[in-house]
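Structural features, examined
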Amino acid sequence: MDVRQLKYFIAVCDAGSFSAAAEKLFISQQGLSMAVLRLEKELSCTLLKRTAAGVELTEQGEYLLPKAKEIVAAVVACEGHFEELRRRKTTVEVACAYGVMGEFAGQMIRDFQAKNPTFRVTMGEYPDLLCEEAVMEGQAELGFAIAPVDAKSFDVRPLQPSAMCLVVHESHPMARRKQVALRDFKGMPLMVMNESFKMYHNVVARCRELGFEPDFSIKAGEASMLYKLLSPGSDPAISVDFVCRDMHRPDAVAIPIDDHAIDWQPCLIRRKGEELSAPAAAFWRFVNRSARGGDAGELGT
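First things first, this report covers the structure right here in the doc.

Cut-offs used in this document
- By convention here, each chain's residues receive numbers from 1 onward along its written sequence.
- Side-chain atom pairs in this predicted model are given and counted only at pLDDT of 80 or more, local residue features only at pLDDT of at least 70, and totals for whole chains, interfaces and linings cover all residues.
- Excluded from the side-chain calculation are hydrogens and water; included are all heavy atoms of the structure.
- Residues belong to one nonpolar core when they are buried, are Ala, Val, Leu, Ile, Met, Phe, Trp, Tyr or Cys, and are joined through side-chain atoms within 4.5 Å.
- Only protein chains enter the accessibility calculation, which uses a 1.4 Å probe; a residue whose area is less than 20% of its type maximum is buried, one above 50% is exposed, and one in between is partly exposed.
- A run of DSSP states H or I qualifies as a helix once it reaches four residues; a run of E qualifies as a strand once it reaches two. Both are numbered from the N-terminal end.
- For the purposes of these results, a polar contact is taken to be a pair of N or O atoms within 3.5 Å, where, inside protein, one atom must be able to donate a hydrogen and its partner to accept one; residues adjacent in sequence count only when each atom of the pair is a side-chain atom.
- Should any heavy atoms of two residues lie within 4.5 Å, those residues are counted as being in contact.
- The working definition used for a salt bridge is a side-chain nitrogen of Lys or Arg within 4 Å of a carboxyl oxygen of Asp or Glu.
- Pairing of aromatic rings covers Phe, Tyr and the six-membered ring of Trp, with a centre-to-centre limit of 6.5 Å; geometry is then stacked below 30 degrees between planes, edge-to-face above 60, and tilted otherwise.
- The method works on a 1 Å grid over the protein atoms by themselves. A cavity is a set of points holding a 1.4 Å probe that cannot get out, a pocket is an open set with protein on both sides within 12 Å along at least five of seven lines, and residues with an atom within 4 Å of a point line them.
- Grid points are joined across faces, edges and corners, and a volume is the space filled by probe spheres set on the points.
- Amino acids outside the nonpolar list (Ala, Val, Leu, Ile, Met, Phe, Trp, Tyr, Cys, Pro) and the charged list (Asp, Glu, Lys, Arg) are all regarded as polar, and Gly is one of them.
- Each patch groups residues whose relative accessible area exceeds 30% and which form no salt bridge, using 9 Å between like charges and 5 Å between nonpolar side chains of Val, Leu, Ile, Met, Phe, Trp and Tyr.
- Here the accessible surface of atoms and residues is derived via Shrake-Rupley with a 1.4 Å probe, and residues count as covered only by protein chains that are part of the display.
- If DSSP finds at least two bridges between two strands, the strands pair.

Turning our attention to the nonpolar core. By size, the foremost hydrophobic cluster in this structure holds 72 residues, and its most contacted members are L142, F144, L166, F185, I238 and I257. For this core, the element with the highest residue contribution is helix α10 (residues 278-292), accounting for 7 residues. Counting 21 residues, the second-largest nonpolar core is a separate cluster that includes V12, A21, L32 and L48.

In structure tokens:
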């Protein structure tokens, strides 16, 4: 027994017939009839007598009707209460995959709050896969995740991608290369971020598409570790171009990887079809307009 079945039962009683109730509910008469039949089956009794003139309540129907109205009224009151709380909410929780906050999300959030001073954004930073988990489990309403993201579970808005690069010590034989292809990695030991990061999975998937298995000598849990390990004779590392710039290692050479299939692609996500709180909905629209190059201060639809 669920609230929807009780609502349908009440509607039939109030309208006096299935056809009249179905018309008011904007559903098919057959669908309405099946819902009431399922309710009767669950309760192991007949609630309504079907007659040529419409319906009549049985003794059990007479018993259920006032209680069904009480239950539905209580549920509607609860929904209204929590909808009002949602509407009044002024803070939105945003999960950020590592790297996103420093690259652009932090500034975007500051711009949003400057134009929307009644709203506040709080942020938590996570490894890529845990960022999606935080949104799915309700720890955050929105997330700045890294593609690919499951479109069946999330609404996804792609943002500006960043290129991947191969980082080598200046003494490495490849240091003078202008760019490298992913095929160049065949048989080459590499340092990379570990399985908690989309970078790892994207590189593995692309290498397999090209017909070989990548050889990872080190899988790090943070980008700074790859740079600490970079030295004469060390294996090259795969990283994101803006991380290379931020590390300020004069002896580190970042060589662009000529393969956009492994680009670091951030995106804004929310649970599929979820109705957002007022600040989350405003931030979602703000980011969408920013991504399209419009006036981010205007909150569009």
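Right, let's get into the side chain of N194. Counting through the fold element by element, N194 comes out in the loop between β8 (189-193) and α7 (198-209). Looking at N194, its side chain comes within polar contact range of the main-chain nitrogen of S196, at 3.0 Å.

What follows deals with the environment of R271. Along the chain, R271 falls in strand β12 (residues 266-271). For R271, a relative accessible area of 27% corresponds to the partly exposed category. On a C-alpha basis, the gap between R271 and V192 in space is 30 Å, while along the polypeptide they are 79 residues apart. When residues no more than four places from it in sequence are discounted, the contact partners of R271 are V135, M136, G138, S153, F154 and D155. One polar contact links the side chain of R271 to the main-chain carbonyl oxygen of M136, over a distance of 3.2 Å.

Counted by the stated rule, this structure contains 12 salt bridges. Put simply, D155 and K272 hold a salt bridge, and the shortest N to O gap is 3.5 Å. Of the two residues, D155 sits in strand β6 (residues 154-158) while K272 sits in the loop between β12 and α10, which places them 117 residues apart along the sequence. Note that D184 is salt-bridged to R177, the shortest N-O span being 2.8 Å.

As a further point, take the packing of aromatic side chains. In this structure the tally under the stated criterion is 8 aromatic pairs. On the numbers, 5.2 Å between centres and 45° between planes, the contact of Y200 with F216 is tilted. Here Y200 is found in helix α7, whereas its partner F216 is found in strand β9 (residues 215-220), with 16 residues between them in sequence. Judged by relative accessible area, Y200 falls into the buried class, the value being 12%.

Take the layout of surface pockets next. One number sums up the size of the largest pocket: a volume of about 350 Å³. If you go around the largest pocket, you meet 19 residues; those closest to its centre are Y98, G99, A223, F242 and V243. Those elements giving two or more residues to the lining of the largest pocket turn out to be α5 (100-115), α8 (223-228), β10 (237-240) and α9 (241-247). By residue number, the principal contributor to the lining of the largest pocket is α9, which donates 4 residues. Among the residues making up the lining of the largest pocket, the classes are represented as 12 nonpolar, 3 polar and 4 charged. By volume, the second largest pocket amounts to about 200 Å³. Residue lining of the second largest pocket: E103, F104, M108, P158, L159, Q160, P161, S162, S290 and A291, and that is the complete set. Counting residues per element, the ones that place at least two in the lining of the second largest pocket are α5 and α10. Broken down by element, the residue count for the lining of the second largest pocket peaks at 3 residues, all from α5. In the lining of the second largest pocket, the residues fall into 6 nonpolar, 3 polar and 1 charged.

Our next topic: a nonpolar patch on the surface. On the surface, a cluster of nonpolar side chains totalling about 200 Å² of accessible area is made up of I218, M225 and L229. Within the secondary structure layout, I218 lies in strand β9.

Strand β5 (residues 142-146) sits mainly inside the fold: 5 of its 5 residues count as buried. Residue alternation in β5 divides its side chains into two sets, L142, F144 and I146 and G143 and A145, and both sets are buried. Across 3 bridges, strand β3 (residues 91-97) lies against β5 in parallel orientation. Directly across from A95, in β5, lies its bridge partner G143.

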